[in-house]
Structures are given as C-alpha cells and as structure tokens.
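What follows is the residue order along each chain.
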Amino acid sequence: MVQRRIGLWFIGACGGVASTTALGLAALSRGLTSTTGVVTALPQFAGLDLDEPATFVIGGHDIRQATLLSAVRELHARSNVFDERTIAACADDLETWSGNIRPGVVFRPNPAITALSDRADVRPAPTPRAAIDQIQTDLRAFKTEQKLDQLVVVNAASTEPVFNPGDEHQSLERLLPALERSSTLVLPTSSIYAFAAIDAGFPYVNMTPSRGATLPAIEELARKHGVPHAGQDLKTGETLIKSVLAPMFARRNLRVLSWVGHNILGNRDGLVLNDPDNKASKVKSKDALLAELLGYKPQSLVSIEYVESLDDWKTAWDHIHYEGFLGTKMTFQFTWQGCDSLLAAPLVIDLVRLTALAQRRGEVGILPHLACFFKNPLGANEHDFGKQFALLENYVHPTSL
C-alpha cells in the first residue's frame, strides 16, 4: 500500500502552536511520545482512514524571522516545556520543514500584528487579489515540490480585530470585483488566506477568532470548488470548561446569577491581545456561549490580560454565583492552568486528519461535526461539549445517536 503524503501549511508557521504541532508530529512518527491529547487516537476513531503522523510534510508563511527549531527551543527555554532529548531527536525534521516556510503576504495588516514582523522579505500586496495570487503560488509550489496528495491550510496566526462584513461579502459575485481595490480593507488577512486556499482547492481550518472563511461569499466559493473547511477559535481552556459546566447548572435547574472569568497569559498571542481591537474578537468569542447553554443570559464578564512573565502558560480564574433551592445563593470557583501551545497542538493534528479525510470523502463546505473543537463552531448552534462530541461520534459511527 502506497502511503499518502499530506501537506500541512501553517499561517503563522513559527508561532508556538505551529512549532509545537511540528515537534509533536515528528516525535509521534519516531515513537518518542504517546498520543495523549490527540482525540482521534481514542478507540472510537480506530476504524477511520486517518493519516499517520509520518505522512505529514509541514510548510507555511510567517512574518517573523525564525525557524521551527528556533521557535521550539525558545518555547522550551521560556516556558520549560518539552524534553531536550525529544528536541534533539526531531531537530533534523524541524530544520527540513523550515525550508518550506515562506515570507508572509500582507495587505493592510493590523498594527498590533505588524509590530511582530521582523522579516525584511515580508511581501506587501497592492490589492487583495494580488495577495491571493501570491499565496496560491506558494501553496501550489509546495504541493508540487513535495509531491503531496493533499494539502490542508491552518490559520494559527495571531487574533485580528473584529471585522464587520458588508454587502460585498454576501456573495461571490459582489466580492470578486472588490478584490481588485486597494483603497479599503476589503478582506482581513485571515479571509485573504481562506479565499486563497479554498479557491485553489485546499481545505482551510481556522484555529482563531478571526473572520477567516466565515463570510457568505467564501462559503459560496467553498461549495463552488467542492472544498471543506472548519472553525472557529480553538476551544482549549476556560471556554472548554464552560461548555461542560454550564449544562450541568442547566440540567440541575440551578440558576446562574453571574459568571466572571479572568484570564492571564504571556505569549505572543497575549501580547497581540493586549491591543484593545484585537482583544475584542477574543472576548466576544469566549463570552458568546453562556446564554445558549443556560437558556438565559446571566451577568457575565470575561477579561484577558497580558502578563509577560507567564510566557506560554495561561491561567483562568472563574467565579460562578448561582441560586439554589429556597433562594439560597452559592458560589462555585475554579482555576485552570495550561500551556497554551501544548493544549492546542494535538487538536491541530485531529482537525487536519479529519479535514483531509472529509475531502477524500467528497464532503463540501462547513464541517459541523467538528464543533467540539471550537468556541464558535461553524455550521452548528450547539455549544454543550457533550452534545458536540456526540456529533463527532455520530459522524464516525452513524448509528450512535
């Protein structure tokens, strides 16, 4: 049996999530680590034709002057994660894959993200169409040079400010002429990359709250070209806990009066989220699900603060004030701490495996069965983690529901 070769192209290739995913795939393919954290390694997924770690080839775009190996070593030094022996054993893989990283393509980039750029060869584009053409040239060259059977594009870049769509985003017919304009921000960077990937026939997965492929015109493009896509905003920490705990309160008929969550983190994502415009996208995503899970909207507050010394470790403290029998007010509190990149990376592997499988199966457009991975899942109104996971299990075994 000839083994497939699957390309994994990262937007933000030298960030913590992408570099940790690369190290994880290299370590898994060499038998140096277990599959802990990889959802698709659970027994119920054993019957699926999923790609093994050794089948992946990594490439990507970045605006920073770094390599996958230097990014892994920096994360190791600053956050005390990984094993030095694992890094040494996988160094050749990381360096080889770093040869596939290309300078980012930008059109009217957000100032907070531009501030991270230190590559002299980052390519500014005069129009969205010019940016799309350059991105597609890089993607197609990667697929050809590496003799890939499939290529999945993953947005692991920093969060963008909120982007409000207009009339030109409602259909492909209206959007196409607008791509030639240089005077206005027709598409944010995440949507330019989403358009480029999907228009070229490559599945797109959005790990961030950024707009990405959520515009009706891009969904129309995905259906036109028969391309699957998924998103939005990976669910790894505080919001994951919310999606488990809130249904508990609802099912026990305990009324939540207020839910306050305070988040602190110190990586580059935290630095970008220190900008109020970029932070607004993340806060909106993290605070959106409570009303749907409870059936009413309690008073709620989500805060995100950048604390440089924490590096890749993030901490969330949540205070839940609720009412029980005979009007008695009670309190539930929890503290969640995790390493941001280590929580996200195995889910990237899951999503790329499942998205590549969906493309082979001929599935088109949004993949709603992947809702359990996201804070704001496309194609699914369900936020209860248990019910979301049942959607995925039913996809694997259609008689399970």
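Residues numbered from 1 in each chain as written. Predicted model: local features only at pLDDT ≥ 70, side-chain atom pairs only at ≥ 80, totals over all residues. Heavy atoms only, no water.

Asker: Explain the sheet that holds strand β10 (residues 299-306) here, please?
Answerer: Remark on secondary structure: sheet strands pair via backbone hydrogen bonds, oriented parallel or antiparallel. Taken in spatial order, the four strands make up an open sheet running β10-β9-β11-β12, and their pairing is mixed. In the strand order of this sheet, the two ends are held by β10 and β12 (329-339), each with one partner. Pairwise comparison of adjacent strand axes, ignoring direction, gives a mean angle of 10° for this sheet. In terms of strand pairing, strand β9 (residues 255-265) meets strand β11 (residues 313-323) through 10 bridges, oriented antiparallel. What sits directly across from Trp259, in β11, is Ile320. Against the sheet, helix α9 (residues 238-251) contacts β9, β10, β11 and β12, and its axis sits at roughly 170° relative to β9. The strands touched by helix α13 (residues 340-360) within the sheet are β9, β11 and β12, with β12 carrying the most contacts at an inclination of about 80°. (Pairing = 2+ DSSP bridges. Helix = DSSP H or I, 4+ residues; strand = E, 2+ residues; numbered from the N terminus. Axes fitted to C-alpha atoms, helices over the stretch in contact; angles between N-to-C directions. Contact = heavy atoms within 4.5 Å.)

Asker: Explain the pattern of salt bridges here, please?
Answerer: A pair can form between side chains of opposite charge whenever their charged atoms are brought close. Enumeration according to the criterion identifies 17 salt bridges in this entry. One salt bridge in this structure joins Asp51 and Arg4, with 2.8 Å as the shortest N-O distance. Of this pair, Asp51 sits in the loop between α1 (16-29) and β2 (56-62) while Arg4 sits in the segment before β1 (6-11), and the two are 47 residues apart along the sequence. On the accessibility criterion, Asp51 (2% relative accessible area) is buried. (Salt bridge = Lys/Arg side-chain N within 4 Å of Asp/Glu carboxyl O. Buried < 20%, exposed > 50% of the residue type's maximum accessible area, 1.4 Å probe, protein only.)

Asker: How should helix α5 (residues 128-145) be read in this particular structure?
Answerer: Its 18 residues give α5 an end-to-end C-alpha distance of 26 Å, which sits within 8% of 26 Å, the value for a rise of 1.5 Å per residue. For α5, every residue scored as buried is listed here: Pro128, Arg129, Ala131, Ile132, Ile135, Gln136, Asp138, Leu139 and Phe142. Downstream of α5 by a residue or two, Lys147 has a phi angle that is positive, lying close to 55°. (Expected span 1.5 Å × (residues − 1).)

Asker: Quick question: what am I supposed to make of the environment of Pro165 here?
Answerer: Among the secondary structure elements, Pro165 is positioned in the loop between β6 (150-155) and α6 (172-178). According to the relative accessible area criterion, Pro165 is partly exposed, its value standing at 36%. Each C-alpha atom, one on Pro165 and one on Arg211, is 9.2 Å from the other, the two residues being 46 residues apart in sequence. Apart from residues no more than four positions distant in its own chain, Pro165 is found in contact with Gln170, Arg211 and Leu215.

Asker: Looking at this model, I keep getting lost on the sheet that holds strand β3 (residues 101-103). Mind explaining?
Answerer: In spatial order, the strands read β3-β2-β1-β6-β7-β8-β13; together these seven strands make up an open sheet with parallel pairing. One side of each edge strand has no neighbouring strand; the edge strands of this open sheet are β3 and β13 (365-366). Pairing of strand β7 (residues 204-206) with strand β8 (residues 228-231), which is carried by three bridges, proceeds in the parallel orientation. Bridge assignment links Tyr204 to a residue of β8, and that residue is His229. Sitting on the sheet, α13 touches β1, β2, β6, β7 and β8, and the angle it makes with β6 is about 135°.

Asker: Explanation requested: unusual backbone geometry in the structure shown.
Answerer: Peptide bonds are, in most cases, trans, and in most cases residues other than glycine have a negative phi. Residue Gln232 is bonded to the preceding Gly231 through a cis peptide linkage, with omega at 25°. Here Gln232 lies in the loop between β8 and α9. A positive phi angle is found at Asn80, which is not glycine, with a value near 60°. Its location among the elements puts Asn80 in the loop between α2 (68-79) and α3 (84-98). With relative accessibility at 66%, the residue Asn80 sits in the exposed group. The phi dihedral of Asp311 is positive, around 55°, even though this residue is not glycine. Within the secondary structure, Asp311 is located in the loop between β10 and β11.

Asker: Sorry if this is basic, but what is going on with the packing of aromatic side chains here?
Answerer: Geometry of an aromatic ring pair is reported as the spacing of the ring centres plus the angle between the planes. The tally for this structure, following the rule as stated, stands at six aromatic pairs. Each ring, one from Phe45 and one from Phe389, has its centre 6.4 Å from the other, and the planes form 75°; the classification is edge-to-face. Taken together, the residues span a long stretch of sequence, with Phe45 in the loop between α1 and β2 and Phe389 in helix α14 (residues 385-396) at a distance of 344 residues. Accessibility expressed as a relative area gives 1% for Phe45, which makes it buried. Residue class for Phe389 comes out buried when judged on its relative accessible area of 16%. Between the aromatic rings of Phe249 and Trp259, the centroid separation amounts to 6.2 Å while the plane-to-plane angle is 75°, which identifies the pairing as edge-to-face. Residue Phe249 is located in helix α9, and its partner Trp259 is located in strand β9; the two are separated by 10 residues in the primary sequence. Accessibility assignment for this pair places Phe249 and Trp259 in one class, buried. (Phe/Tyr/Trp six-rings, centres within 6.5 Å; stacked < 30°, edge-to-face > 60°.)

Asker: Explain the nonpolar core here, please?
Answerer: A general feature of soluble globular proteins is that nonpolar side chains tend to end up buried together. Trp97, Val154, Leu370 and Phe373 are the most contacted members of the largest nonpolar core, which totals 89 residues. Sorting elements by how many residues they give to this core places α13 first, with 10 residues. Not counting chain neighbours up to four residues away, the residues in contact with Trp97 comprise Ala22, Leu25, Ala26, Phe56, Val57, Ile58 and Leu68. Counting residues in each nonpolar core, the second largest holds 13 residues, with Ala246, Leu289, Leu294 and Tyr322 among its members. (Core = buried A, V, L, I, M, F, W, Y, C linked by side-chain atoms within 4.5 Å.)

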